[in-house]
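# Chain and residue survey
Chain by chain, the residues:
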Amino acid sequence: MTYTDYPSLLGWVREELIFKRLKLEAIGFSLDEIQQDTVLFGDAGLSLDSIDGLELAVGIEQAFGLKIGKLTADIAGEKFKSPETITRFILELKNAVAA
Amino acid sequence: MFLISTGSYLPGSSVSNEMLSDYFGNSVHLIADYFGIKSRHMAVDYKTGQDSGEYTSDFCTKAALDAVSKVPNFDLKDVDLVITSSSTPDYVLPSLSSLVQEKLGLPNAFPIDIRGGCSGSLQALLIAELFIKTGKAKNALVIGGECCSTIYYDFLFKQRKSYNAKDLINTLIFGDGASAFLVGGEQLSPDNFEIETTVSESVLPDQVPGFIFSYGGAKEKILGQDDISLSQIFRHYPKEIERNLPRVIRAMQENLRKTGYQRDDFKYIVGPQANKRLIDDMNLLLKEHKADYFYYGDVIGNIPGGALFLAFDRLVNTNQVSPGDRVLIMGMESPKWLYGYCVLKKG
């Protein structure tokens, strides 16, 4: 994967990682409902569950060859809060590898 | 009723997360660490996905023979009841207990199947108790076992370049194996455990499942479907588990209180062997008791039908229980909301 800038990576996160990988269309969501600030977990927004969180983490590792390591409360609660935070998290991981 | 002996069987060798990560990458560690599982036994060859030729009835038979072999001068023919608990029997029919009866060579024993999850072995024990106390049976083999890997691993192995997390989760958290309790109405040795209490209850029957395992069911047919995925067959609903499991634990606590056991009565609690995340939720119950929690699930994975007696067998074989000690074995399951427990006192 070569998404190096924020807008293109955000597009991948919204469509490929969240919408398609989690098969959200099958449970009645449209891609338009996944905006950059949409809350993913908890009672608001998409209301994803912990297994969905693992699916997102594995999707990121597979797509970019990155290693997230332990899925800590910090990652699950803050980094995976919205498509925007996920995108910034992937960029952080990529930059860390590049450095 | 007395526990005359225990037995267990784990197929193949232990398959660690490191071994599986050679085929499924770093995500193995990410998922396995999340659930707190280090290794599991698998009947299939993890390097090729090929079956070993052994399935649940073979594991159950070997666990039963292990239990019987530990009792000097006990004649296997004196077993007149064989009860099995599994969610992964060899077939829908013939029944698992009938196959085990055949393999044990017990034509006159009465076979009964329990189709259950993590508390199924305790349901089976309760039925054995009813048969023995009413004189319908003299000795019973209560056996729980699972062969999960032959259902999913070959499928997963073939798509190892493009698996998803939901498929991989089941490989990592479930294991293969079996365990057996040989129980009877007579104490054959002074060191036999007395099974003082056995309870099994369904709570929250109106609540939706926390887990659906649809393989082999009549409602969701898989024959002829070429786009079936593992995540369709094994469906986890973590939010339901988070919402309902504490309620099941509280119902079990309430029942245990009514039986009159006190805070200091238990030396050990053998509880759910599912995964570390679930065990952490058990703190609610552990606070009520001083007992040590014996956990073996991080090494063998979750073997729903066999896990509780496997852990107890391990506890006993490592000489950690002394005469007079009481052990509480408790299980709960989330496909529907059940719990069971039994209290054993070592003679």
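Because the structure is a prediction, the values reported are computed rather than measured. Residue numbers here run from 1 along each chain, matching the order of that chain's written sequence. The lettering of chains begins at A and the numbering of ligands begins at 1, in the order of writing. Confidence filtering applies because this is a predicted model: local features only for residues at pLDDT of at least 70, side-chain atom pairs given and counted only at 80 or more, and all residues used for totals across whole chains, interfaces and linings.

Within chain B, the regular secondary structure consists of 13 helices and 14 strands. Its C-alpha atoms give chain B a radius of gyration of 19 Å, near enough to 20 Å, the size a compact globule of 347 residues would have. For chain B, the spread of C-alpha atoms along the principal axes amounts to about 55 × 45 × 40 Å. Neighbour counting defines burial: a residue surrounded by 20 or more other C-beta atoms within 10 Å of its own C-beta is buried, one with 12 or fewer is exposed, and intermediate counts give partly exposed, using backbone-placed C-beta atoms. In chain B, which comprises 347 residues, the proportion classed as buried is 54%. Relative to all contacts within chain B whose residues are 6 or more apart in sequence, the contacts with residues 24 or more apart total 80%. Note on conventions: DSSP H or I runs of at least 4 residues are helices, E runs of at least 2 residues are strands, and numbering of each starts at the N terminus. Our radius of gyration looks at C-alpha atoms and nothing else; its globule reference is 2.2 Å times the residue count to the power 0.38. We call two residues in contact when the distance between their C-beta atoms, placed using the backbone, is within 7 Å.

The next subject is the overall build of chain A. Broken down by element type, chain A carries four helices and zero strands. Whereas a compact globule of 99 residues would reach a radius of gyration of roughly 13 Å, chain A reaches 13 Å, a difference of no more than 12%. Within the span of chain A, comprising 99 residues, buried residues form 32% of the whole. Counting contacts in chain A only where the partners sit at least 6 residues apart, residues at least 24 apart contribute 58% of the total.

Looking now at the sheet that holds strand E4 (residues 81–86) of chain B. All names here are of chain B. Strands pair, by our definition, only if DSSP identifies at least two bridges between them. Here we have ten strands laid out as an open sheet, ordered E5-E4-E6-E7-E1-E8-E14-E13-E11-E12, and mixed in their pairing. In this open sheet, the two edge strands, each paired with only one partner strand, are strand E5 (110–115) and strand E12 (292–294). For this sheet the average axis-to-axis angle between neighbouring strands, irrespective of direction, equals 25°. Two elements, strand E1 (residues 2–9) and strand E7 (residues 177–184), share seven bridges in a ladder whose sense is antiparallel. Residue pairing in the sheet places Phe2 in a bridge with Gly184 of E7. Along the sheet, helix H4 (residues 96–104) makes contact with E4, E5 and strand E6 (139–146), crossing E4 at roughly 130°. To define axes, lines are fitted to C-alpha atoms, for helices over the stretch in contact only, and angles between the resulting N-to-C directions are given on a 0 to 180 degree scale.

This brings us to the interface of chain A and chain B. The interface of chain A with chain B comprises 14 residues on the first partner and 14 residues on the second. Residues are sorted three ways: Asp, Glu, Lys and Arg are charged, Ala, Val, Leu, Ile, Met, Phe, Trp, Tyr, Cys and Pro are nonpolar, and all the rest, Gly among them, are polar. Taken together, the residues that form the side of chain A that touches chain B break down as six nonpolar, two polar and six charged.

The next point concerns the domain arrangement of chain B. A common way to report how large an interface is uses the accessible area buried once the components associate. All names here are of chain B. Taken domain by domain, chain B consists of domain 1 (2–184) and domain 2 (193–346). Put simply, the middle of domain 1 and the middle of domain 2, counted by C-alpha atoms, are 15 Å apart. On the domain 2 side, the residues contacting the 49 residues of domain 1 number 43 residues. Residue assignment for the side of domain 1 that touches domain 2 shows that the elements contributing at least two residues are E1, strand E3 (39–41), E4, helix H5 (120–133), E6, helix H6 (149–158), helix H7 (165–173) and E7. Of all the elements, H5 adds the most residues to the side of domain 1 that touches domain 2, at seven residues. Of the residues assigned to the side of domain 1 that touches domain 2, the class counts are 20 nonpolar, 22 polar and seven charged. Where a domain begins and ends is set by an automatic assignment or by a domain database.

Residues and elements named next belong to chain B. The omega torsion across Leu93 and Pro94 is 5°, close enough to zero to call that bond cis. Relative to the helices and strands, Pro94 is located in the loop between E4 and H4. At Leu204, a position not held by glycine, the phi torsion is positive, near 50°. Tracing the chain through its elements places Leu204 in the loop between strand E8 (193–202) and strand E9 (211–213).

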